[in-house]
Structures are given as structure tokens and as C-alpha cells.
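Single-letter residue listing:
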Amino acid sequence: MLHYFVGNLGHLFVITSFVSGLVAAFAYWRATVNNDLLAQRDWLINGRISFVAHSVAVLGVIITLFVIIYQHYFEYHYAYSHSSRHLPGQYMISCFWEGQEGSFLLWMFWHAVIGLFFIFSRQPWEAPVMTIFALVQAFLASMILGVVIPGLELKIGSSPFILLRDAMDDPIFTLQPDFIPKDGNGLNPLLQNYWMVIHPPTLFLGFALTLVPFSFAMAGLWLRKYTEWIKPALPWTLLGGAILGLGILMGGYWAYETLSFGGYWNWDPVENAVYVPWIVLIASLHSMLVYRSNPTALKLSLLLVLSVFLLILYSTFLTRSGILGDASVHSFTDLGLSGQLLIYLLFFTLGAAWLVVKRWKEMPSSEKELSTYSREFWIFLGIAALCLMGFQVLVPTSIPVYNRVVEIFGIRSNLAPPANQVQFYSNIQLWFAVAVALLSGTAQFFWWNKMDRSKLRKELTTPIMISLILLAILIVTTRLTDPGFMVLGLAGLYVIVANSRILYRTLKLNPRLSGGAIAHVGLGLMLIGVLYSSGYSKIVSLNNTGLLYNRDMGTEFNRDNLLLFVNEPRTMGGYEIEFLGERLEPRHKSGYVKRMDIEPTGDPFKVVAKRNIVYRDEVLYQARDTFEIYPENTFYEIALRQDGKTVATLYPRVQMNPGMGGILPSPDIRRNFDRDLYTHVSAPMNREAEPEWSELQELRVHPNEKFFVNDYVAYLDKVERIMELPGLRLGDEDVAVKIYVRIEGEHDTYTLEPIFLIRNRTEVGRIPDETGELGVKLTLLNIHPDQNEFVLGLQTRQKDWVIIKAMEKPLINILWLGTGLLTLGFLVAMFRRFRDESRAASSPQ
């Protein structure tokens, strides 16, 4: 039965959110421009009611869509495309924002929350700011309208409530219009990660927060309050910088522990599209801080604040219009929204530009020349470095846009994004980072003190000397030899030392003033962490055997990867490393299951335990229990030993992911204080290919008698007649005999269970059993009851293997510590600004 009601209800909520958003924008606009206080109040009330109704409608859309996903209503295209019955509950949430429509909804939700805060906190800027908010919400709601204008055949938006039969051109819907698939495609396995549950909401909250300072700036231009908007916008800018930065960090950490490129930032176009607005946001924040003491920064602050939100809209256009094509693995497919997205971008870009041009000459400015020894001069240098830093990334990232634009005029462009984007961006961004670090370390002294030449020399001498001494220690102890890395290391140390000194002073004076120093110390730690974890990352899985694994994979692959056969230890990077076999992950219990301990069923998500399954001395399942697994994931148990003791056990994963090109490896990480050992599978054994078995060798064995198979000791422990076989009916005169052969491996005992079958007294069948971990297959060829003898057929092959790559990431925890301090610094400064703003609002005028 099709569940029409919930979809129709959700679509009604979408239409309501769009209409109420427009009504709220109009009402708030009227409240802003009306000079009659009574009419102004009435329009303000209407605006509030309309925006509350809009927020309720947005919540209604979210609830109805989540019901469709959670209840597995696969007659809806969104549920079918992004969820499945086997998906764990926590990842049902991730299904919600995997698609474009869901991510638009997430963005709208955060805007609604922030807007309701403005309404119920009775902000003096409510009417003009909420005009912008409601207008943005109406544009976002239009993205999920999914309506067609009659006559024009113009589709507006893509509805998340479209039925599968309306979205797919499949003959089955012609034959059976009410057909409902039994299961959905499921969530991309790569996104089934706890970071993907919290990363997108955090990132979209950061996007939403950039609208607040943008709205204040637009309101300031609109009402000619050119200076008053900065103070209320400043704490929101700090909060946006903290949350957006935290969201970017979460994405980097997800990439580090989920993907296998060996890092946390790959300069992908979608990553760049988020990075650039954040860089410009940081520049706008510093410009707003400077304005408090120098009006020269007013116009710059306005331009930067407006640019941040417009860059967010531009990044939305890049990632959702399909214009990036194959340039990014993160971009969404084009749902036909490129025209709407372009209108959305141009509307606010042209609107902001028109207001800026119209009001530019009216805005106050200062003709006073900046002194080299003023804090404004040094901060402006830092702002310039940040803006250039963002511009250098933005221009190459926009090459696909440029190509598309010139194609409109019939010109064919041969421009292409950088082939090696990591090297291209990193080599330039490194020097910008050095400049920002040196400027941020120096500018802090100007921020807290009036400077002249002699005083500056006195203040800087100590931190510079300490930084040089620390650099010398690093050069000696860590073999820091690259000149470029030395400069980066010196810059990182300098910003840490200089800001630690400022931090000490501010903590003594007033801890609430310490946010900037904390954030800048975090920046210095991040630079040191990036320097060592990326610049001095070391391959420890070097192939010293001279064996060529694959001629087609090139020199680097054959040099930097290690072939491991199961239960055969090798030495690597100071560890004895041993591959212990393939493992699967049970769905409802923590731990791993040996592949040899289970047998498949007709359902790929369910298996049967051959014997008691034990993980870390805990019995997970009893023999013959049926339980669920994640069939797309295979883990490779790898033990690391030092001095004969196991110091770690890693489980790197290989995932069957057709949506991402087939086989996708994910690393496992041995974490130490000073370094991570980062290990991933480079080439798993192909289980789809038929193995090459040796010629069959006959063995004649007796019960409880020791014999050898492939150099392993074996015993025939048990013989039994079985009355049924999976998928095969046995008659009264049929005979099936199973024997249990125990084989003593290096670490485990393996049991093979070949079967001998006689049907209708004349037909003989044999069902062999094998273990890839030992490379052994046994077939029960014949039985001689009079001699109590069994004839076994032994075949051998290459044991199971895996090719891995392992890297050491020195001091990467310094990077994570630095990002934490950076976020903390933002939050400390934000709470102080919100507190000051609250006190100013509550004090008598």
C-alpha cells in the first residue's frame, strides 16, 4: 500500500514554508520602512507570526521526511535512494542530509533556529535583519518546492516527496503502478561513520551563522547606520568562525580516519569551497576588531562581511549545480537546480553590490595615514595575507566556472584545474601561512601596548630568541633539514612563544580577554603539526624483497607496499607485523568475526556461526546462531609486536562501494602521543576469482591418526552421518557422511568438514571444504568401512594474503590539539562579546 498522506503532508509543509517565508520578508520590510510607529508594530507582529509559521512548516517538512526514511517507505524516491532496511538507526539521520534536498532542509532548519532567537530575544535590529533572513529562507524553500508552472513547463526546485515511479523510468511501473521495492539502495557505506552524523549539521550551522553578520551589514547600509551594525554583528562573526572552523576540522578528521590518501586535507574543490569563506571570515573578524579604534576599517569590514556569505552561496552553486563534473568526489549530482542556484547567488550579489555602490560615498572614512608602529597597520597586513590566501585557492577552483562561461560565447577553453592539486596548493599556501603566523605573533604586542621602535625591539627580542633556540633543538632532535620547513617551523614556534607571553599577561589581568591569544597559540600548534605530520610523514611498509607485485601499478606502489601472507610475520618500521586473517563485523555486537567461523545464508546480511565465536575472551555467538553482519565491509586483522609482545592490533577495512568506484580501503590507526602508525590495505585478495589449486593428492587416513596437510599437523576427529544438507532433500536410501578434520595452524585450530554423498545407491557426490588461511582444500573421495579408512583428496594453493601500506605521522596530535585551542579561543572571545552586548542592551540609555 502506498503511503500518500505523509508525502502530501510534507509537500504541503514545503509550500507553506515558501509562502510564509515570502510573507515574513514582506511584513518585516514594511516594518522597517514604515515611519508610523503603530503600523510599524503591526507589521512587526505580522512578520513574527509569519516567520514562526515558516519555522513550524520547516520542522514539519523535516519530521515528515524523516518518517518516510525511518519507516522505509521506499515508494518515495528519497527513501529508496538513501536508506535501506539494514541500515543502523544512527545512520538513518545521515540519510536525511545525504541528498541535496535534505541538506537544504538542514540549512533552513538552522536559519529558522537563529531567526527565532532574534524574534524572542527582541533584538533592536529585528525588522531589517529578519527581512534578509526571511528572504534567504524563501529562496532555500524554493529549492525543494518541486512544482511545475503550467504553460511555461518551468520546474521550480526538487521535491524530496516525489514518488519513485515519477522519478524513475522503469517498465515495472507501467505494468504495476503501485510497485514498492522491498529494500532501498542504502546510505553510501563511506558515510556510515559517526563523524558523518555530526559533521554536516556542524558545517551547515556554520553556513547559517554567516548570514547573521551579512544581514547586519545589509541592514546597516539599508538604514544608513554605517557604524552601528558592527558591534552586534561581531559576536555572531566569532561564533560563525568557531563553528565553521569546527565543521571543517570534523571533515578533515573524517577523511583522515576513513579515506586512504594518507592525510586530512586533499584540496578537493568542495573542500576549497568551504575553506575560502572561512579564511575570509577570519579576515573580516580582524577587520571588525580594528574598526573599534580606527574608522579606516569600516569599509573593509563591510566588504569582507558581505563577501563571506556570498562566497558561501558561490560554494553552494559550485557543489550543487553539477558544474564541477568529475573535478570533485564530493559534489552533488545536478538535479536541474543550476539555474535557480545562479539566480539565488546573483540576487544577493547584485543586491549587496547595488547597496554598497549607492551608499559608498556616504560611509565615514579616515584619511589618517597609518603608522608602521600601529596595531592597525600590522593587522591590515594580516588581513591582506588572509585575503590573498583565499584568492589563491579560489581562482584555480573556479576554472570549471570560467570554462562554462566562455563556452556560452562559443569559445573553447583548455584551462584545467591543477593536476597535482595537493602539491600546487600546499606549496603556495605554506608561505601564506608563514606570513600570517609571523604577523599574528607580532601584531598581538601592538594590540596590547603602544609601540615605538625601541619598545618594539625590546618586546620582540625575547620571543624571537626563544623561537630560534627551540628551532635549533628541533633541527638537532628531529633532523629538520628542509629550508622551507625550517621557516615554517620558526613561524609556528614564534606565534606560539609570542602569544604564550600575551596569554600569560591576559590571564593575570582578565581571563575573559585571553581568547585571541589562545586562538593564535592554537594556530602555531597547527603549523607545527602540519609541518611534521605532512612534511615528515614516513613510509614504513617498504618492500625490501625485490618482489614486483604488479607491473602496471608503477614503481611507487611496488616500493612502498608490503605483501603479507596470513600467519607469516614480517619486520616493518621497528615492528614485527603479522596478518592474522580476514574478519567481518557483526551488526549488533562490538568486535570482529573470523570469516572461517561462519557460513553464508541466502541473505547476504545474515550468516550462521559454524562454532562458538569468541572475541577477546567473550563469546559473541553460540554455534549455529544466525546473526547479521555488514557484508560490504571486510577487515584485515594485523598484529604489531615489539620484543615478542603484541603492542597493537589493527583492523584496516576494505569496502565494496559501487558508488565510489568499487573497492574502497579505509585505514586503521595505531595512536601514540608523538606519532600515529597509519595503515591501510592497498590490494586485497580477489575472492571473486577462482583460485588455482594444485593437482589432487590422495591421503589414506584413519580416525584419530596424525597426518600432514600442506606441512600442518592434522587429525580426523569425528565421523557422522547427516540427515539433511542445505538446499538438498535426502531420501531414506540416500547416505551422507561428514568427517571433521582438525588442522593445527600457527595460531588457531581449523576444522574442515568435507562430505561424501551417495544418492539412489549409485550416484556419488562429494562436497569439499577449504580454508584460505592455510591454503588447503580437502575432499572426501572414498570410505573403506572394513578397514576403517578414509581416502582424502588434498589440494593446496597460495595462502590468503594482503598488500598493505603503512606510514608514520609524527606529531599529528599537535595538529589536533592546535585546532582544539583555536576553537576554544574563538568561543572565549565570543562569550565575552555576547556578554558585553547583553550588558549594553540592558543598561539604561
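Residues numbered from 1 in each chain as written. Predicted model: local features only at pLDDT ≥ 70, side-chain atom pairs only at ≥ 80, totals over all residues. Heavy atoms only, no water.

**Q** For this particular structure, what's the right way to read the overall build of the chain?
**A** Each helix and strand counted, the chain has 21 helices and 29 strands in total. Each principal axis of the C-alpha atoms in the chain carries an extent, and together these give about 110 × 75 × 55 Å. Counting all 845 residues of the chain, 54% fall into the buried class. Of the contacts made within the chain by residues no fewer than 6 positions apart, 68% connect residues no fewer than 24 positions apart. Carbon and sulfur atoms make up 59% of the accessible area of the chain, which amounts to about 39,400 Å² in all. Of the charged side chains in the chain, 71 are positive and 74 negative; the average position of the first set lies 14 Å away from that of the second. (Helix = DSSP H or I, 4+ residues; strand = E, 2+ residues; numbered from the N terminus. Buried < 20%, exposed > 50% of the residue type's maximum accessible area, 1.4 Å probe, protein only. Contact = heavy atoms within 4.5 Å. Areas by Shrake-Rupley, 256 points an atom, 1.4 Å probe, with all protein chains shown as cover. Lys, Arg positive; Asp, Glu negative; His and termini not counted. Charge placed at Lys NZ, Arg CZ, Asp CG, Glu CD.)

**Q** Before we go on, may I ask you to explain the sheet that holds strand β8 (residues 598–600) in this structure?
**A** Picture the strands of a sheet paired through backbone hydrogen bonds; they go either parallel or antiparallel. Read from one edge of the open sheet, three strands run β8-β9-β12, paired in antiparallel fashion. The strands lining the two open edges of the sheet, one partner per strand, are β8 and β12 (626–628). Direction aside, neighbouring strands of the sheet carry axes that sit 40 degrees apart on average. Here three bridges tie strand β9 (residues 606–609) to β12, and the two strands are oriented antiparallel to one another. Each residue of the ladder has a partner; that of Val 607, found in β12, is Phe 627. (Pairing = 2+ DSSP bridges. Axes fitted to C-alpha atoms, helices over the stretch in contact; angles between N-to-C directions.)

**Q** For this particular structure, what's the right way to read the packing of aromatic side chains?
**A** Think of a pair of aromatic rings as described by two things: how far the centres are apart, and how the planes are tilted against each other in angle. On inspection of all chains with the given rule, the structure shows 45 aromatic pairs. With 5.8 Å between their ring centres and 80 degrees between their planes, Tyr 344 and Phe 348 make a pair best called edge-to-face. Note that Tyr 344 and Phe 348 are positioned in helix α13 (residues 338–359) at a spacing of four residues, about one turn of the helix. Per residue, the accessibility class of Tyr 344 equals that of Phe 348, and both read buried. Each residue in the set Phe 117, Phe 118, Trp 125, Phe 133, Phe 216, Trp 236 and Phe 834 is aromatic and connected to the rest through ring pairs, giving one cluster. Positioned above the aromatic ring of Tyr 740, the side-chain terminus of Lys 718 is 5.2 Å from the ring centre. (Phe/Tyr/Trp six-rings, centres within 6.5 Å; stacked < 30°, edge-to-face > 60°. Lys NZ or Arg CZ within 6 Å of the ring centre and 35° of its normal.)

**Q** Honestly, helix α6 (residues 126–142) in this entry has me stumped. Any pointers?
**A** In an α-helix, one turn spans 3.6 residues; hence positions three or four apart end up facing the same way. Compared with an ideal rise of 1.5 Å per residue, which puts 17 residues at 24 Å, α6 spans 24 Å between its outermost C-alpha atoms and is within 8% of the ideal. Along α6, 16 of the 17 residues are buried, which leaves the element largely enclosed by surrounding structure. (Expected span 1.5 Å × (residues − 1).)

**Q** Help me out: how do you make sense of the domain arrangement of the chain in this one?
**A** A common way to report how large an interface is uses the accessible area buried once the components associate. Domain parsing of the chain yields domain 1 (1–192), domain 2 (222–417) and domain 3 (697–802). Inter-centroid distance (C-alpha atoms) of domain 1 to domain 2 is 26 Å. Contacts between domain 1 and domain 2 engage 28 residues on the former and 25 residues on the latter. Between domain 1 and domain 2 the total buried area reaches about 2,200 Å² when both faces are included, carbon and sulfur atoms providing 78% of it. Of all residues in domain 1, Gln 100, Trp 125 and Phe 139 give up the largest surface area on contact with domain 2, accounting jointly for 30% of the area buried on that side. At the boundary of domain 1 with domain 2, the tally comes to zero salt bridges. In this structure, the connection of domain 1 to domain 2 is made through four residue pairs in polar contact (both at pLDDT 80 or more). Contributing elements (two or more residues each) for the side of domain 1 that touches domain 2: α1 (4–33), α5 (100–120), α6 and β2 (154–156). (Domains from an automatic or database assignment. Buried area = accessible area lost by both parts, 1.4 Å probe. Salt bridge = Lys/Arg side-chain N within 4 Å of Asp/Glu carboxyl O. Polar contact = N/O pair within 3.5 Å; in protein donor to acceptor, adjacent residues only side chain to side chain.)

**Q** Please clarify how the pattern of salt bridges should be interpreted in this entry.
**A** When the charged atoms of two side chains lie near each other, side chains of opposite charge can form a pair. As enumerated under the stated definition, the model contains 28 salt bridges in all. Across the salt bridge formed by Arg 165 and Asp 178, the nearest N and O atoms sit 3.4 Å from each other. Of the two residues, Arg 165 sits in helix α7 (residues 164–167) while Asp 178 sits in the loop between α8 (171–175) and α9 (195–222), which places them 13 residues apart along the sequence. The exposure class assigned to Arg 165 is partly exposed, which follows from its relative accessible area of 29%. Here Asp 178 falls in the partly exposed class, since its relative accessible area comes to 49%. The partner of Arg 611 in a salt bridge is Asp 597, and the shortest N-O contact between them spans 2.5 Å. Here Arg 611 is found in the loop between β9 and β10 (613–615), whereas its partner Asp 597 is found in the loop between β7 (593–594) and β8, with 14 residues between them in sequence. Its relative accessible area of 22% is what places Arg 611 among the partly exposed residues. Each of the salt bridges in this network shares a partner with another, and the network as a whole consists of Lys 538, Asp 674, Arg 675 and Glu 808.

**Q** Even after reading the chapter, I still don't get the packing of helix α2 (residues 37–70) against α6, so can you show me in this structure?
**A** Geometrically, a packed helix pair is captured by the angle between its two axes and the distance between the axes. Where α2 contacts α6, the axes come no closer than 11 Å and their chain directions differ by 35 degrees. For the element pair α2 and α6, the recorded crossing hand is left-handed. Contact residues: α2 offers Leu 44, Arg 48, Phe 51 and His 54, while α6 offers Glu 126, Ala 127, Met 130, Ala 134 and Gln 137. In terms of residue class, the contact of α2 with α6 is made up of five nonpolar, two polar and two charged. (Left-handed = near helix turned anticlockwise from the far one by under 90°. Nonpolar A, V, L, I, M, F, W, Y, C, P; charged D, E, K, R; others polar.)

**Q** Would you mind showing me how to read the pairing of strand β24 (residues 755–759) here?
**A** Across four bridges, the pairing between strand β22 (residues 735–744) and β24 is antiparallel. Residue pairing for β24: Val 735 is matched across the bridge by Ile 758. Connecting the antiparallel pair β24 and strand β25 (residues 763–767) is a turn made up of three residues, with Asn 760 showing a positive phi of about 55 degrees.

**Q** I would appreciate a short explanation of the side chain of His 54 in the present structure.
**A** Tracing the chain through its elements places His 54 in helix α2. When residues no more than four places from it in sequence are discounted, the contact partners of His 54 are Ser 17, Ser 20, Gly 21, Met 108 and Gln 137.

**Q** How should unusual backbone geometry be read in this particular structure?
**A** Glycine aside, the phi torsion of most residues is negative, and most peptide linkages are trans. Although it is not a glycine, Asp 617 adopts a positive phi angle of roughly 65 degrees. Here Asp 617 shows up in the loop between β10 and β11 (618–621). When its relative accessible area of 80% is taken as the criterion, Asp 617 is described as exposed. One non-glycine residue with positive phi stands out, namely Leu 811, at about 55 degrees.

**Q** Where do I start with the packing of helix α11 (residues 269–291) against helix α14 (residues 375–397) in this structure?
**A** For the pair α11 and α14, the least separation of the axes is 9 Å and the interaxial angle reads 165 degrees. Between α11 and α14, the interaxial angle falls into the category roughly antiparallel. The handedness of the crossing between α11 and α14 is left-handed. Facing Pro 269, Asn 272, Tyr 275, Val 276, Ile 279, Ile 282, Ala 283, His 286, Ser 287 and Val 290 of α11, the residues of α14 in contact are Glu 376, Ile 379, Phe 380, Ile 383, Leu 386, Cys 387, Met 389, Gly 390, Val 393, Leu 394 and Thr 397. Class assignment of the residues belonging to the contact of α11 with α14 gives a composition of 15 nonpolar, five polar and one charged. (Parallel < 35°, antiparallel > 145°, perpendicular 65-115°, else oblique.)

**Q** What is the right way to look at helix α12 (residues 297–320) in this model?
**A** Its 24 residues give α12 an end-to-end C-alpha distance of 34 Å, which sits within 8% of 34 Å, the value for a rise of 1.5 Å per residue. Most of α12 is tucked away: 21 of the 24 residues are buried. Once α12 finishes, Gly 322 follows within two positions and takes phi at roughly 85 degrees, a positive value.

**Q** It is not clear to me how the sheet that holds strand β26 (residues 769–771) should be interpreted in this structure. Could you clarify?
**A** Judged by pairing direction, the sheet is antiparallel, and its four strands sit side by side in the order β19-β28-β27-β26 without closing on themselves. Looking along the sheet, the strands with just one partner apiece sit at the ends: β19 (697–701) and β26. Neighbour-to-neighbour, the strand axes of this sheet turn through a mean angle of 30 degrees, independent of strand direction. Pairing analysis gives three bridges linking β26 to strand β27 (residues 776–784), with the strands arranged antiparallel. In the strand pairing of β27, Asp 769 is matched with Leu 778.

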